[in-house]
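Survey of secondary and tertiary structure
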Amino acid sequence: MGEVQPMAEEAPKRPRVVCFGEGMVRLTPPRNERLERTISLDLSPGGAELNTAVTLACLGLEATWVSRMPDNGMGQFLARQSRAHGVDLSHVRWVSEDEGRMGLYCLEEGADPRPSSVLYDRKDSAFARLRPGEFDWPDIFSGASAFHISGITPAVSEGARAESMTAIQAANHASVPVFFDLNYRSKLWTEAEARHSFMEIAPFVDIMFASRGGLQTFFGIEGEHETAMAAALNKLGIAVCVMTGKRGKRSRSLKLSGMALGPSGQLHQTDMTEIEVIDRLGGGDAFAGGFIAGYIE
């Protein structure tokens with residue numbers, strides 16, 4: 001009889017993180033030019049949760065991005081770019097152009113003393129027009145290790161706001177930790193609207209990415225980094241609060257650090273690292289992806 005060959009061991013399953021939000025196409029004048037003077041535009045994919053999903057995929061985790069996009073050239077451009085980075089799009093809902101367009105935004109990259117500037121063109125996008133019940137959240141969260149969403153998603157529309165709460169509560173029901181980035185975009189809604197939504201979301205959040213300004217504006221929490229984070233854990237009932245520290249005021253040269261406070265009460269903080277900024281947009285999303293990967297692993 002032939003020798004019995006041992007069965008090959010299966011590779012360990014990688015953690016899977018679900019990210020929910022709108023994808024957009026970014027239009028950028030080259031060479032720090034102004035929109036009013038440029039004669040060409042560079043195209044690139046964008047969207048807070050998609051940026052985080054790309055980071056997670058690059059770090060070796062499975063990243064599932066959930067969204068709603070038009071089935072046209074712009075939508076396929078975004079899908080092609082996302083798949084190239086290893087992001088799972090199996091739960092993206094594709095719709096006809098009659099059910100919404102692709103959201104766009106133009107970025108004028110700043111150079112001292114002129115700051116960067118963003119111009120949104122996302123009204124009536126496919127994502128903004130999503131309706132309740134379009135996503136099977138119990139199926140999406142089956143086997144998931146974490147769920148990530150930012151404060152931008154509920155700001156897009158009433159439908160997106162309702163679906164954000166549905167997704168967060170479904171993650172709670174499935175015992176999937178919820179990571180929430182307290183992002184506020186004044187061009188999408190008012191502080192009062194954001195405060196009402198964030199107060200509704202906070203009780204269902206496990207890990208919150210925040211700034212001192214955000215905690216003060218939306219939750220009335222004041223103090224330096226560690227004091228504010230401890231107050232956030234106590235007042236909001238979250239398990240972990242995460243912040244970044246920044247030094248430097250010039251466009252290209254900064255020093256950054258990350259810090260987190262959890263149930264142990266021990267502050268974890270990285271050293272200040274000097275960096276040169278190449279592309280400012282998406283930096284916070286990348287930080288979130290890195291933290292989520294480290295937290296899970």
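This section reports on the structure supplied with the text. What you see is a predicted model, and the numbers here were worked out from it, not measured in a lab.

The next point concerns the nonpolar core. Considering soluble globular proteins, one finds that nonpolar side chains tend to be buried as a cluster. Counting 47 residues, the largest nonpolar core has Phe20, Trp137, Phe141, Phe147, Met208, Leu215 and Phe219 as its most contacted members. The dominant element in this core, judged by the number of residues it contributes, is helix α4 (residues 158-173), at six residues. Here Phe219 is in contact with Leu182, Phe198, Met199, Ala202, Met208, Gly214, Lys235 and Leu236, once residues within four sequence places are set aside. By size, the runner-up hydrophobic cluster in this structure holds 32 residues, among which are Leu50, Ala53, Val54 and Phe179.

According to the stated counting rule, one finds zero disulfides in the structure shown. Looking at the unpaired Cys19, the closest cysteine sulfur is the one in Cys58, lying at 12 Å. Its relative accessible area of 0% is what places Cys19 among the buried residues.

For the rest of this paragraph, the subject is the environment of Ser142. Summarising the element assignment, Ser142 is placed in the loop between α3 (137-140) and β9 (146-150). As for Ser142 and His173, which are separated by 31 residues in sequence, their C-alpha atoms are 11 Å apart.

Residue position: Asn183 is located in the loop between β10 (178-181) and α5 (191-201). In this view, Asn183 contacts Ser150, Gly151, Ile152, Phe198 and Asp285; residues no more than four positions away in its chain are not counted.

Attention now goes to the packing of aromatic side chains. In total, this model carries 17 aromatic pairs according to the counting rule given. Consider the rings of Trp137 and Phe147, whose centres lie 6.1 Å apart with planes at 65 degrees: the pair is edge-to-face. Linking Trp137 in helix α3 with Phe147 in strand β9, this pair joins segments that are 10 residues apart in sequence. For Phe147, a relative accessible area of 0% translates into the label buried. Aromatic ring contacts, followed pair by pair, group Phe20, Phe127, Phe135, Trp137, Phe141 and Phe147 into a single cluster. Taking the ring centre of Tyr120 as reference, the NZ or CZ of Arg122 above it sits at 4.8 Å.

Moving on: the packing of helix α6 (residues 212-219) against helix α7 (residues 225-236). One way to put it is that α6 packs onto α7 with a least axis distance of 10 Å and a crossing angle of 40 degrees. Classed by the angle they form, the pair α6 and α7 counts as oblique. Read as a crossing pair, α6 and α7 show a hand that is left-handed. Contacts between α6 and α7 involve Arg212, Leu215 and Phe219 from the first element and His225, Ala228, Ala232, Lys235 and Leu236 from the second.

Attention now moves to the pattern of salt bridges. Side-chain pairing between opposite charges can occur once the charged atoms of the two side chains come close. Considering all chains together, one arrives at 11 salt bridges under this definition. A salt bridge links Arg37 to Glu33; its shortest N-O distance comes to 3.0 Å. Between Glu224 and Arg212 there is a salt bridge whose closest N-O contact spans 3.0 Å. With Glu224 in the loop between α6 and α7 and Arg212 in helix α6, this residue pair connects regions lying 12 residues apart in the sequence.

Okay, the sheet that holds strand β2 (residues 24-28) next. Reading across the sheet, the four strands line up as β3-β2-β7-β8 and stay open at both edges, with mixed pairing between neighbours. Edge positions in the sheet fall to β3 (42-46) and β8 (117-121), since each has one partner strand and no second. Across the sheet, the mean angle separating the axes of adjacent strands is 25 degrees when strand polarity is ignored. Note that strand β7 (residues 103-108) and β8 share five bridges and pair antiparallel. If you follow Leu107 over to β8, its bridge partner there is Val118.

Take helix α8 (residues 283-296) next. Look at α8: 20 Å from first C-alpha to last across 14 residues, which is about the 20 Å you get at 1.5 Å a residue. Buried residues of α8: Asp285, Ala288, Gly289, Phe291, Ile292 and Ala293, and no others.

The next subject is unusual backbone geometry. The backbone phi angle of Arg31 is positive, close to 60 degrees, even though this residue is not glycine. Here Arg31 lies in the loop between β2 and β3. Residue Arg31 is classed as exposed on the basis of its relative accessible area of 74%. If you check the backbone angles, Asn32 has positive phi at about 60 degrees while not being a glycine. Take Asn32: it is sitting in the loop between β2 and β3.

Moving on, we come to helix α2 (residues 73-84). Spanning 12 residues, α2 covers 16 Å between terminal C-alpha atoms, matching the ideal 16 Å at 1.5 Å per step. Within α2, burial applies to Gly75, Leu78, Ala79 and Ser82. The buried residues of α2 occupy one face: seen down the axis, they fall within an arc of 100 degrees. Of the exposed residues in α2, the ones pointing more than 90 degrees away from its buried face are Gly73, Arg80 and Ala84. Those residues of α2 that are buried lie in contact with β2, β3, α1 (48-58), β4 (62-66), β5 (68-70) and β6 (93-95). The backbone nitrogen of Met74 lies 3.2 Å from a side-chain oxygen of the residue at the head of α2, namely Asn72. Looking one or two residues past α2, Gly86 carries a phi angle of roughly 90 degrees, positive in sign.

Reading the values: rules and limits
- Residues numbered from 1 in each chain as written.
- Predicted model: local features only at pLDDT ≥ 70, side-chain atom pairs only at ≥ 80, totals over all residues.
- Heavy atoms only, no water.
- Core = buried A, V, L, I, M, F, W, Y, C linked by side-chain atoms within 4.5 Å.
- Buried < 20%, exposed > 50% of the residue type's maximum accessible area, 1.4 Å probe, protein only.
- Helix = DSSP H or I, 4+ residues; strand = E, 2+ residues; numbered from the N terminus.
- Contact = heavy atoms within 4.5 Å.
- Disulfide = S-S within 2.5 Å.
- Phe/Tyr/Trp six-rings, centres within 6.5 Å; stacked < 30°, edge-to-face > 60°.
- Lys NZ or Arg CZ within 6 Å of the ring centre and 35° of its normal.
- Axes fitted to C-alpha atoms, helices over the stretch in contact; angles between N-to-C directions.
- Parallel < 35°, antiparallel > 145°, perpendicular 65-115°, else oblique.
- Left-handed = near helix turned anticlockwise from the far one by under 90°.
- Salt bridge = Lys/Arg side-chain N within 4 Å of Asp/Glu carboxyl O.
- Pairing = 2+ DSSP bridges.
- Expected span 1.5 Å × (residues − 1).
- Arc of directions from axis to C-beta.
- Polar contact = N/O pair within 3.5 Å; in protein donor to acceptor, adjacent residues only side chain to side chain.

The quantities given are spatial measurements derived from coordinates; they are silent on function.
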